[in-house]
Amino acid sequence: MSEMNCEICGREIKGKGFKIVVEGSEVTVCGSCRQFGTEKKPSVASQQGARRVVLKKKRGSTKIEFTEELVENFHIIIRREREKRGWSQEQLAKKIQEKESLIKKIENAEITPEPEVVEKLEKLFNIKLREQVPEIKIEKSKSLVPTLGDVVVVKRKKK
Ligand SMILES: [Zn+2]
């Protein structure tokens, strides 16, 4: 409606003027000032507002995996199973071909037994020492630094 002035040199713009991007801000300028910025091509995204573009940014994906973990009181279970059978720690060690000191440490919860030892104990006692634990993994997108495109979008002011 009213006449427009170039946002760079201030001169009156004849005709429609040029929309360019200077340092992330969209400005309308005259023909001689259009060289100072990047020509802005109208796109669907810009017409719908800047927010849309920001939302398109890649986000991390979430997935759930199940891992086997030792039950919390595994050492108590092992001791109980052993004592139920009237075995000494040494006897148990021999049955699974491990050292007595290892059994002692396991039963005292000083160490977490290796998976193969756990397996042997599970078979020997016919029990389960592991449980399936859901693990939520969040894969972050590669870069947390906004891309140049995002910066432009965020800075741009609506007229
Ligand atoms: Zn100008």
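Residues numbered from 1 in each chain as written. Predicted model: local features only at pLDDT ≥ 70, side-chain atom pairs only at ≥ 80, totals over all residues. Heavy atoms only, no water.

As annotated in an unreviewed UniProt entry, the protein carries the name HTH cro/C1-type domain-containing protein and is attributed to Archaeoglobus fulgidus.

Caption draft 1: Seen up close, the coordination of the zinc ion. On the protein side, the zinc ion has Cys 6 (SG), Cys 9 (SG), Cys 30 (SG) and Cys 33 (SG) as donor atoms, found 2.3 to 2.4 Å from it. Each of the 4 donor atoms around the zinc ion contributes to a set of angles spanning 103 to 116°, which defines the coordination as tetrahedral. Each donor residue of the zinc ion belongs to the same chain, and together they define the spacing C-x2-C-x20-C-x2-C. Of this pair, Cys 6 sits in the loop between β1 (4-5) and β2 (12-13) while Cys 30 sits in the loop between β4 (25-29) and β5 (38-39), and the two are 24 residues apart along the sequence. (Donors = N, O, S within 2.8 Å, 3.2 Å for Na, K, Ca; no water. Tetrahedral: all angles 85-135°; square planar, octahedral: opposite > 155°, others 65-115°. Helix = DSSP H or I, 4+ residues; strand = E, 2+ residues; numbered from the N terminus.)

Caption draft 2: Structural detail: the nonpolar core. Among the nonpolar cores identified, the biggest contains 15 residues, and Phe 74, Ile 78, Leu 92, Leu 121, Phe 125 and Leu 129 are the most heavily contacted of them. Taken together, the elements giving at least two residues each to this core come down to α3 (74-84), α4 (89-95), α5 (100-107) and α6 (115-125). Those residues within four positions of Leu 92 in sequence are excluded, and the remaining contacts are Ile 78, Arg 82, Trp 87, Ile 103, Glu 107, Leu 121, Leu 124 and Phe 125. One finds Ile 13, Ile 20, Val 27 and Val 29 within the second-largest nonpolar core, a separate group that totals 7 residues. (Core = buried A, V, L, I, M, F, W, Y, C linked by side-chain atoms within 4.5 Å. Buried < 20%, exposed > 50% of the residue type's maximum accessible area, 1.4 Å probe, protein only. Contact = heavy atoms within 4.5 Å.)

Caption draft 3: Inspection of the pattern of salt bridges at higher detail. All chains considered together, the criterion is met by 13 salt bridges. With a shortest N-O distance of 2.9 Å, Arg 85 and Glu 81 are connected by a salt bridge. For Arg 85, a relative accessible area of 32% puts it in the partly exposed group. When the shortest N-O distance is used, the salt bridge between Glu 90 and Lys 94 registers 3.7 Å. One end of the pair, Glu 90, and the other, Lys 94, are both in helix α4, 4 residues apart, so they sit about a helical turn from each other. The class for Glu 90 is partly exposed, based on a relative accessible area of 40%. (Salt bridge = Lys/Arg side-chain N within 4 Å of Asp/Glu carboxyl O.)

Caption draft 4: Examining the environment of Glu 65 more closely. Locating Glu 65 in the fold gives a position in strand β6 (residues 61-70). Spatially, the C-alpha atoms of Glu 65 and Gln 132 are 9.6 Å apart, while their sequence positions differ by 67 residues.

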